[in-house]
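Here's the letter readout for the chains.
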Amino acid sequence: MATEQRAVKKAKGPEPVKIVSFSSLTEKVGRFNLRNKTFLIPQMNRIGGHLLAATFRSFGIHAKVMDTYKGLGLGQEYTSGKECYPCQITTGDILYHMKKEKERLGDAFNAEDYVYFMPEADGPCRFGMYNKFQRIVLDTLPDLSRLKIGSLTTKDGYSLRGIIEEEKVRDIRKASYLSVVVADILDRLLWRIRPYEREPGMADEFIERSMRVMEEAFETCGAKKEFDRILDKLEELIEEGKDIIDPAIPRKPLIGIVGEIYLRTHVHANQDVIRVLERYGAEVVNASIAEWVNYTSYDRLREAKIALRLGLKSLRLNSLREHLRSILSYGGELLYQEYRQKQVYRRVRALIDLAEDHKVGHLEKILHEEDLFNFDVGTEACLSIAGIVQYARERFNGVVNVYPFTCMPSTTTSAIIRPLMNRLRIPYLDTPYDSSTQPGREAAIRTFMYQAHQHFKRHGGRFHD
Ligand code: SF4
């Protein structure tokens, strides 16, 4: 090397280390065929994760739900602290699971035998970056760099194309959606019966057992599309669960929960906020998971309609066929999902008065009527803001917004909804969470519940018509 070149190199310093390989973000994050792989599902919502895994197993995919929260220390080690809390937790979950697999299998461990499931959302939010960030972390660990991340995206309404044989895509989607709705129902059943249980612990024990029964039902009947058999089993469980309610205990103030989907459903991450509310005399209804799934289909349909209108206005006729195809596809999906959800709730609500789910079209209408927000902005704020108004209209006695500390859509929700709740004089509480325990949190919940009891005394509730 010429002296001059050496001098230039020295002046520039050492070659930079390549931290991110962009091809890795496309080659090892995406939709992969799951045959002969172990499909690792994170445990956001316990029942939902287990029923989804059972559904996948019924289609011959070796799906497994990972333990959660045990690897939080690892998650914190590999994150900077600026990431959203769910990103820390899920990073820890996958690293912990892999660590345990390596210990279990020793030399036989091969990261290529697994696909780790981490979906994403588009829009002005960081959820779309979790799997990219986790890809970078995995790529820095030599024995995990070949672990693929299976990602479904809201961009195509969580299409399952490519993960299984084409002729089974439609069926696995239908069965998976049913598993989401049934998991929502079991959660709602727990929140309906636990505040009124005859003996402490009965409801938790019953729901845990019910989850196992439904897992078996999905594993046996999911791929065969024997949905009626699955629902028959669910009805049997509801009949049994009803008996846990002690009729001598009067109805309690009803509290609605909205917020960021991961935090509001992950009981470790939200420090079991529902149980704490119940301890201070609440009956709780949390926003459902199916609501988010319906929202993604609804939003894709809405966008396709907008694109069609723009195409017509600007006379870009060659794109019209594609927009029409999208409208038919997303419209069909949404129609099916809403039909199925309604059918399940109708059967269940004939047995017990569980809260019905919100229809996304209705939530958008509420935002227009109240002029509070717009679906064009996107994110969960659309659902949370409208969901709170709907809770108020349904005479709930208070609302809690549960979210990760610094979460953008939930902070937006709080800013928009607080003045309205003050005006309506309905108790409202923000509960941002991270891995620390806030000293005043329980006192805040107790005060909130005091207000909710007052509201219940003065105005009654959903159950007093
Ligand atoms: S919704 Fe909140 S927690 Fe989730 S990625 Fe967006 S900002 Fe982060």
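Our subject is the structure that appears above.
Residues numbered from 1 in each chain as written. Predicted model: local features only at pLDDT ≥ 70, side-chain atom pairs only at ≥ 80, totals over all residues. Heavy atoms only, no water.

## Focus: the nonpolar core
In step 1: Ranked by internal contacts, the top residues of the largest apolar core, which has 123 residues, are Phe-39, Phe-56, Ile-185, Met-214, Leu-234, Ile-255 and Leu-277.
In step 2: Considering every element that reaches this core, the biggest residue donor is helix H7 (residues 166-193), with 15 residues.
In step 3: With near-sequence residues (within four places) excluded, Phe-39 lies in contact with Leu-34, Phe-56, Ile-61, His-62, Ala-63, Lys-64, Val-115 and Phe-117. (Core = buried A, V, L, I, M, F, W, Y, C linked by side-chain atoms within 4.5 Å. Buried < 20%, exposed > 50% of the residue type's maximum accessible area, 1.4 Å probe, protein only. Helix = DSSP H or I, 4+ residues; strand = E, 2+ residues; numbered from the N terminus. Contact = heavy atoms within 4.5 Å.)

## Comments concerning unusual backbone geometry
In step 1: With a phi angle near 65°, Asn-36 is a residue other than glycine that sits in the positive phi range.
In step 2: Position of Asn-36 relative to the elements: it lies in the loop between strand S1 (29-30) and strand S2 (38-41).

## As for the site of the ligand
In step 1: In the region of the ligand, the neighbouring residues are Cys-84, Cys-125, Arg-126, Phe-127, Tyr-130, Glu-260, Pro-404, Cys-407, Met-408 and Pro-409.
In step 2: Tallied by class, residues from the shell around the ligand come to eight nonpolar, no polar and two charged. (Near = heavy atom within 4 Å. Nonpolar A, V, L, I, M, F, W, Y, C, P; charged D, E, K, R; others polar.)

## Quick notes on a nonpolar patch on the surface
In step 1: On the surface, Leu-312, Leu-315 and Leu-317 cluster together to form a nonpolar patch covering roughly 330 Å² of accessible area.
In step 2: When you line up the elements, Leu-317 lands in the loop between helix H12 (289-313) and helix H13 (320-349). (Patch = residues over 30% accessible without salt bridge, like charges linked within 9 Å, V, L, I, M, F, W, Y side chains within 5 Å. Areas by Shrake-Rupley, 256 points an atom, 1.4 Å probe, with all protein chains shown as cover. Salt bridge = Lys/Arg side-chain N within 4 Å of Asp/Glu carboxyl O.)

## Re the pairing of strand S3 (residues 62-65)
In step 1: Burial of S3 is one-sided: the residues Ala-63 and Val-65 facing one way are buried, the residues His-62 and Lys-64 facing the other way are not.
In step 2: One ladder, built from four bridges, connects S2 with S3; its direction is parallel. Across the sheet, residue Ile-41 finds its bridge partner in S3, namely Val-65.
In step 3: Remark: the S2/helix H3 (residues 46-58)/S3 crossover connection has right-handed handedness. (Pairing = 2+ DSSP bridges. Right-handed = clockwise from strand over helix to strand, strands pointing away.)

## Observations concerning the sheet that holds S1
In step 1: Strand order in the open sheet formed by five strands is S1-S5-S4-S2-S3, and the pairing between neighbours is parallel. Strands at the two margins of the open sheet, each flanked by one partner only, are S1 and S3.
In step 2: Across three bridges, the pairing between S2 and strand S4 (residues 114-117) is parallel. Looking at the pairing, Leu-40 lines up with Tyr-116 of S4.
In step 3: Helix-sheet contacts for helix H5 (residues 85-105) involve S2, S3 and S4, and the interaxial angle to S4 is about 160°.
In step 4: On the sheet, helix H6 (residues 130-139) packs against S1, S4 and strand S5 (148-150) and is oriented at approximately 165° with respect to S5. (Axes fitted to C-alpha atoms, helices over the stretch in contact; angles between N-to-C directions.)

## Some points on the environment of Glu-442
In step 1: Looking at where Glu-442 falls in the secondary structure, it is placed in helix H17 (residues 441-459).
In step 2: C-alpha separation for the pair Glu-442 and Val-273, spaced 169 residues apart in sequence, amounts to 9.3 Å.
In step 3: Excluding anything up to four places from it in sequence, Glu-442 contacts Val-276, Arg-279 and Tyr-280.
In step 4: Among the polar contacts listed, one links the side chain of Glu-442 to the side chain of Tyr-280, at a separation of 2.7 Å. (Polar contact = N/O pair within 3.5 Å; in protein donor to acceptor, adjacent residues only side chain to side chain.)

## Observations regarding the sheet that holds strand S9 (residues 428-433)
In step 1: Here four strands make up an open sheet; going across it, the order is S7-S6-S8-S9 and the pairing parallel. Either end of the sheet is taken by a strand with one partner, and the two such strands are strand S7 (283-286) and S9. Neighbouring strand axes in the sheet, compared pairwise and without regard to direction, differ in orientation by 25° on average.
In step 2: Relative to strand S8 (residues 398-404), strand S6 (residues 254-259) is paired through five bridges, and the arrangement is parallel. Looking at the pairing, Ile-255 lines up with Gly-398 of S8.
In step 3: Across the sheet, H17 touches S6, S8 and S9, and the angle it forms with S9 is around 160°.

## Thoughts on the packing of H5 against H6
In step 1: Contact geometry for H5 and H6: axes closest at 11 Å, N-to-C directions at 40°. Overall, the two elements H5 and H6 adopt an arrangement that is oblique. Crossing angle aside, the handedness with which H5 passes H6 is right-handed. Residues Pro-86, Cys-87, Thr-90, Thr-91 and Leu-95 of H5 touch H6, and the partners they reach there are Tyr-130, Phe-133, Gln-134, Val-137 and Leu-138.
In step 2: Considering only residue class, the contact of H5 with H6 consists of seven nonpolar, three polar and no charged. (Parallel < 35°, antiparallel > 145°, perpendicular 65-115°, else oblique. Left-handed = near helix turned anticlockwise from the far one by under 90°.)

## Let's talk about the packing of aromatic side chains
To describe a pair of aromatic rings, you give the distance between the ring centres and the angle between the ring planes.
In step 1: Scanning the model with the defined rule gives nine aromatic pairs in all.
In step 2: Ring plane angle 90° and centroid distance 5.1 Å describe the contact between Phe-127 and Tyr-130, whose orientation is recorded as edge-to-face.
In step 3: The exposure class assigned to Tyr-130 is buried, which follows from its relative accessible area of 7%.
In step 4: Relative to Phe-375, the ring of Tyr-298 lies with its centre 5.7 Å away and its plane at 75°, an arrangement referred to as edge-to-face. Pair noted here: Tyr-298 is in helix H12 and Phe-375 is in the loop between helix H14 (360-370) and helix H15 (381-393), with a separation of 77 residues, a long-range link.
In step 5: For Phe-375, a relative accessible area of 1% puts it in the buried group.
In step 6: A connected cluster of aromatic rings, assembled from ring pairs, spans Trp-292, Tyr-295, Tyr-298 and Phe-375.
In step 7: Positioned over the ring face of Tyr-336 is Lys-174, at 5.1 Å from the centre of the ring.
In step 8: The residue whose ring lies beneath Arg-441 is Tyr-433, and the NZ or CZ to ring-centre distance is 4.4 Å. (Phe/Tyr/Trp six-rings, centres within 6.5 Å; stacked < 30°, edge-to-face > 60°. Lys NZ or Arg CZ within 6 Å of the ring centre and 35° of its normal.)

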